[in-house]
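# What the coordinates show
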Amino acid sequence: MSTESAERAVQRLKDQGVDVVRIGYPDLIGTDRGKDVLVERLPEVCESGVAFCRAVYYTSPQADVVPVPGGLDEGLPDISIRPDLSTLVPLAWEPGVAYCLGDAVNPATGEPFAESPREVVRAAAARLAELGLTGVVGPELEYFLLEPDGAGWKRYDDAPGNVYVVGAKGDRGSHVLRTLRTLRGMELGVTMGNHEFSGGQFEINLHHSEAVDAADRAFRFKSAIKELARRDGMMATFMAKPFNDEGGSGFHVHISCTDENGHNIFDDPSGAYGLSERATHAIGGILAHAPALAALLNPTINSYKRFGPDTLAPWLIDWGLDNRSAMLRVPPERGAGTRLEVRLGDASANPYLGIAGLLAAIYLGIRDRVEPPAPLSGYGYDTSKAPMLPMSLPVALDALSADTAFSEVLGKEFTTAYLAYKRNEVERFSQFITDWEFREYAYHL
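Heads up: these notes are all about the structure in this document. (Residues numbered from 1 in each chain as written. Predicted model: local features only at pLDDT ≥ 70, side-chain atom pairs only at ≥ 80, totals over all residues. Heavy atoms only, no water.)

Glancing now at the overall build of the protein chain. Along the backbone of the protein chain there are twelve helices and 16 strands. For the protein chain, the C-alpha atoms occupy an extent of roughly 65 × 60 × 50 Å along the three principal directions. Residues classed as buried in the protein chain amount to 56% of the 445 residues present. Counting 42 positive and 61 negative side-chain charges, the protein chain places the averaged centre of each group 3 Å from the other. (Helix = DSSP H or I, 4+ residues; strand = E, 2+ residues; numbered from the N terminus. Buried < 20%, exposed > 50% of the residue type's maximum accessible area, 1.4 Å probe, protein only. Lys, Arg positive; Asp, Glu negative; His and termini not counted. Charge placed at Lys NZ, Arg CZ, Asp CG, Glu CD.)

We now examine a nonpolar patch on the surface. A grouping of V65, L72 and L76 is seen on the molecular surface, where their side chains present a nonpolar patch of about 230 Å² in accessible area. By secondary structure assignment, the location of L76 is in the loop between β3 (50–53) and β4 (78–83). Accessibility expressed as a relative area gives 38% for L76, which makes it partly exposed. (Patch = residues over 30% accessible without salt bridge, like charges linked within 9 Å, V, L, I, M, F, W, Y side chains within 5 Å. Areas by Shrake-Rupley, 256 points an atom, 1.4 Å probe, with all protein chains shown as cover. Salt bridge = Lys/Arg side-chain N within 4 Å of Asp/Glu carboxyl O.)

This part covers the packing of aromatic side chains. Summed over all chains, the structure comprises 14 aromatic pairs. Measuring from ring centre to ring centre gives 6.3 Å for Y143 and F202, while their planes differ by 35°; the resulting arrangement is tilted. Here Y143 is found in strand β7 (residues 134–149), whereas its partner F202 is found in strand β10 (residues 201–206), with 59 residues between them in sequence. In this pair, the class of Y143 matches that of F202, namely buried. Ring pairs connect the aromatic residues Y25, F52, Y57 and F113, which therefore count as one cluster. (Phe/Tyr/Trp six-rings, centres within 6.5 Å; stacked < 30°, edge-to-face > 60°.)

Right, let's talk about the pairing of strand β9 (residues 190–195) for a bit. Sheet analysis places β9 next to β10, joined by five bridges and oriented antiparallel. When the bridges of β10 are listed, G193 appears paired with I204. Here β9 folds back onto β10, and the loop between the two strands holds five residues, one of which, G200, carries a positive phi near 75°. (Pairing = 2+ DSSP bridges.)

Applying the stated criterion to the full structure yields 30 salt bridges. The closest approach of N and O atoms between D213 and R217, which form a salt bridge, is 3.0 Å. Remark: R217 and D213 occur in helix α5 (residues 211–231); sequence separation between them is four residues, near one turn of the helix. Of the residues examined, R217 reaches a relative accessible area of 4% and is grouped as buried. Between R329 and E341 there is a salt bridge, with its nearest N and O atoms 2.6 Å apart.

We now examine unusual backbone geometry. Backbone geometry at E187 places phi at a positive 60°, although glycine is not the residue there. Mapped onto the secondary structure, E187 falls in the loop between α4 (175–183) and β9. Residue classification places E187 among the exposed residues on the basis of a relative accessible area of 53%. Positive phi, normally seen in glycine, also occurs at D322, with a value near 50°. Tracing the backbone through its elements, the reader meets D322 in the loop between β14 (319–321) and β15 (328–330). On the basis of relative accessibility, which here comes to 39%, the residue D322 falls in the partly exposed class.

Bringing the environment of R8 into the picture now. As for its position among the elements, R8 is in helix α1 (residues 6–15). Relative accessible area serves as the criterion here: at 63%, R8 is assigned to the exposed category. With 35 residues separating them in the primary sequence, R8 and P43 have C-alpha atoms 9.5 Å apart.

It is at 7 Å that the axes of helix α6 (residues 277–288) and helix α8 (residues 351–367) come closest, and there the two elements cross at 120°. Between α6 and α8, the angle falls in the class oblique. Pair α6 / α8 crosses with right-handed handedness. Across the interface between the two elements, R278, H281, A282, G285 and I286 from α6 touch L358, A361, I362, G365 and I366 from α8. For the contact of α6 with α8, the residue count by class is six nonpolar, three polar and one charged. (Axes fitted to C-alpha atoms, helices over the stretch in contact; angles between N-to-C directions. Parallel < 35°, antiparallel > 145°, perpendicular 65-115°, else oblique. Left-handed = near helix turned anticlockwise from the far one by under 90°. Contact = heavy atoms within 4.5 Å. Nonpolar A, V, L, I, M, F, W, Y, C, P; charged D, E, K, R; others polar.)

Another aspect to go through is the packing of α4 against α5. The interhelical angle for the contact between α4 and α5, taken along N-to-C directions, is 125°, at an axis separation of 11 Å. It follows from the interaxial angle that α4 and α5 lie oblique. In this structure, α4 crosses over α5, and the sense of that crossing is right-handed. Seen from α4, the contacting residues are T179, T182 and L183; seen from α5, they are F221, A224, I225 and L228. In terms of residue class, the contact of α4 with α5 is built from five nonpolar, two polar and no charged.

With that out of the way, let us pick up the side chain of R220. As for its placement among the helices and strands, R220 is situated in helix α5. As a buried residue without a salt bridge, R220 has its nearest oppositely charged side chain in E187, at a separation of 5.7 Å. Reaching out from R220, the side chain makes a polar contact with the backbone oxygen of M186 at a distance of 2.6 Å. Apart from residues lying up to four places away in sequence, R220 is in contact with V89, Y99, L101, M186, E187 and L188. (Polar contact = N/O pair within 3.5 Å; in protein donor to acceptor, adjacent residues only side chain to side chain.)

Here the focus is the nonpolar core. Core analysis: the largest hydrophobic core is formed by 131 residues, its most contacted members being Y57, Y58, L183, F221, I286 and F406. Ranked by the residues each element gives to this core, the list is headed by α8, at twelve residues. Those residues within four positions of Y58 in sequence are excluded, and the remaining contacts are L28, D64, V65, V66, V68, P69, G70, G71, F113, E115, A417 and Y421. (Core = buried A, V, L, I, M, F, W, Y, C linked by side-chain atoms within 4.5 Å.)

Now the structure itself:
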């Protein structure tokens, strides 16, 4: 947290020409909720917080208030959002406005709200700290950029074969260049970007940092990309698989651990593959808890349509050395760059929850000294070599519910709320008539 007083922050912001502070926070699915506050009101907001209905955490994308315990059943009580002044930064695209993350607290007790995603990742980081370790995370997020097409949307600059190209060939409007330049001053740690595998698909990389900060930056980055697209009359989507004829978008997480002296404890030149014993136990923990992790890193009905052979999306629980067909890849760098790349997640994941889940799995793996199987050799996707991940959201939710050690690290209140929210999503989908059903059955039956 910042040591700067609210009064000093107000004066500094006024000197910068800022007259409004936008206070944002993530709901359960990672939507950026918030309120705009006149800058002179910031001190009182820091003292008392801004009131929101607690059920905002349980509101679906279609504005259904999901009956999660603590919401409708308690008469829709309040939560309070208090600004974290250490995250204040001017909005590059909104003159006179600064953005600030907020923390959710119980207004009656002042205690942190256990279901807040930011609190969940903090709690998981605290458990890892019990082992004297700090998680270091580098997020990679893919997304599709869409442009209007009559009443709908089509892929921007849609053409095959543009993976890893830069310039006008796959980006006639210089989306990547303008985005990098716009976001470089917003303390998001953007480093580089390129066109990805599918037409209209892009990836912008973020620098690595301590896990909670990395989650903050990934959350703010997703919000920024969507806002910049809207301002261009387009739409950016981090949906896992928005199109039948193209692959999906991933949320790949590079993760390592450091000790109290800042040394990377995954590196060991004398260890097998140049990895320390704790690194192999971290791998073991991620593999052991992968079914439950899927509920956080692949959080939607749509997520599981991204899985399958020849998709470059993992669907088996395996690991490999510099092998992109594995769920967990160990990149070739060693020394301070030793890390794991978890390729399980898709871009629709709430970054806070996905990162929290990985910290929890690593904590349990190191604590319980979980040994992984042998690494994958050659191209993966062979079901005779490794067990399958959950292939649907209901199965993943059942795995999360059954993995009591994992959910205990994340917190009982959060896990209960998340399972209730997501099971309601499954129920609503099961009752909805899709375009596929009408096309398949209406004429012939």
